[in-house]
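Observations on chain architecture
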Amino acid sequence: MDTKQKELLWNRGLLLGLFLSIFPILDLMYGAEMTFSKYYFLFYVLWFLIYSISIIYIAKEFKVFVPIFDFKSTFRILFIVSLLAFTLLTVTKITVWNVFYPDKYVELNEARDNKLIVFFIKFSKSTLNTAYQEGELTDDEFDDNLTQIDDAFGEMNDALSVKWNDIKENGLSKTLFIGDLVFNLFFIAIYNAIIAVIMKRKNKIVSV
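All of the points below concern the structure found in this document. All values reported here derive from a predicted model rather than from experimental measurement.

**Re empty space enclosed by the protein**
Which parts of space are left empty comes out when a probe the size of a water molecule is rolled across the atoms. In the structure shown here, the tally under the stated rule is one cavity of 30 Å³ or more. Empty space within the largest cavity amounts to approximately 50 Å³. What lines the largest cavity is Phe86, Leu89, Thr90, Lys93, Phe177, Asp180, Leu181 and Asn184. Listed by contribution, the elements that provide at least two residues to the lining of the largest cavity are α4 (71-100) and α7 (176-207). Partitioned by chemical class, the residues of the lining of the largest cavity number four nonpolar, two polar and two charged.

Written as structure tokens, this is what we have:
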């Protein structure tokens, strides 16, 4: 890979990282006002779509400079760009949440954990009520299942309370987002490999 290709690789990785870094800033500014569904759509579904479209576009862009028709070369470019982008995103998260707004991070994410528990409680009880109304459960089975749901989510709520109280007392871990980076890169590597395989097959079809 020559200097121009390395420069393009570096620039595209940083550009993607800058774009992804908008998301934690949006969370800081508007996260408290978002509904539960809007938050997960924006920060999971839309985020994933934007990343996927961007990384595929960058891979195709490199075809002008590099004959990336084999799996190894395609995967290498995808992963290096992703590594640069996610590293910059992690730096942004550390700066925003660890350095400037740790209390805001706790406030936002503790509230989301509580909303998630409430959502699953409502969903579980709704499913249980439907089964009972349709005659799939006896009175005793309904009462037993209801008790189990309350006990399970009560334990989860207690565990979350311990987790967030500990963070409030000791502060956010300095390695929290580094750990997230390593975890995310593992799955991104798998996803990049899938994209590389698909692009390789498409290239074979086109070449035929």
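**Side note on the pattern of salt bridges**
Side-chain pairs of opposite charge can arise whenever the charged atoms involved come near each other. The tally for this structure, following the rule as stated, stands at six salt bridges. In this structure, the salt-bridge partner of Lys163 is Asp113, at a minimum N-O distance of 3.5 Å. Here Lys163, found in helix α6 (residues 139-170), pairs with Asp113, found in helix α5 (residues 102-133); they are 50 residues apart in sequence, far enough to count as distant. Its relative accessible area of 39% is what places Lys163 among the partly exposed residues. Taking the relative accessible area as the measure of exposure, Asp113 reaches 18% and is therefore buried.

**So, the nonpolar core**
In this structure, Leu16, Leu20, Trp47, Tyr51, Ile55, Val81 and Phe86 are the most contacted members of the largest nonpolar core, which totals 29 residues. Secondary structure elements with two or more residues in this core: α1 (3-20), α3 (36-62), α4 and α7. Sort the elements by how many residues they give to this core and α3 lands first, with 10 residues. Once you skip the residues sitting within four places of it in the chain, Leu16 turns out to touch Tyr51, Ser54, Ile55, Val81 and Ala85. By size, the runner-up hydrophobic cluster in this structure holds 16 residues, among which are Trp97, Leu108, Leu128 and Ile167.

**Regarding the layout of surface pockets**
Roughly 960 Å³ of internal volume is contained in the largest pocket. For the lining of the largest pocket, the element with the highest residue contribution is α7, accounting for eight residues. Of the residues in the lining of the largest pocket, the class split is 22 nonpolar, two polar and six charged. Here the second largest pocket is characterised by a volume of approximately 180 Å³.

Cut-off values and rules
Residues numbered from 1 in each chain as written. Predicted model: local features only at pLDDT ≥ 70, side-chain atom pairs only at ≥ 80, totals over all residues. Heavy atoms only, no water. 1 Å grid on protein atoms, 1.4 Å probe; cavity = no way out; pocket = protein on both sides within 12 Å on 5 of 7 lines; lining within 4 Å. Points joined across faces, edges and corners; volume = space filled by probe spheres on them. Helix = DSSP H or I, 4+ residues; strand = E, 2+ residues; numbered from the N terminus. Nonpolar A, V, L, I, M, F, W, Y, C, P; charged D, E, K, R; others polar. Salt bridge = Lys/Arg side-chain N within 4 Å of Asp/Glu carboxyl O. Buried < 20%, exposed > 50% of the residue type's maximum accessible area, 1.4 Å probe, protein only. Core = buried A, V, L, I, M, F, W, Y, C linked by side-chain atoms within 4.5 Å. Contact = heavy atoms within 4.5 Å.

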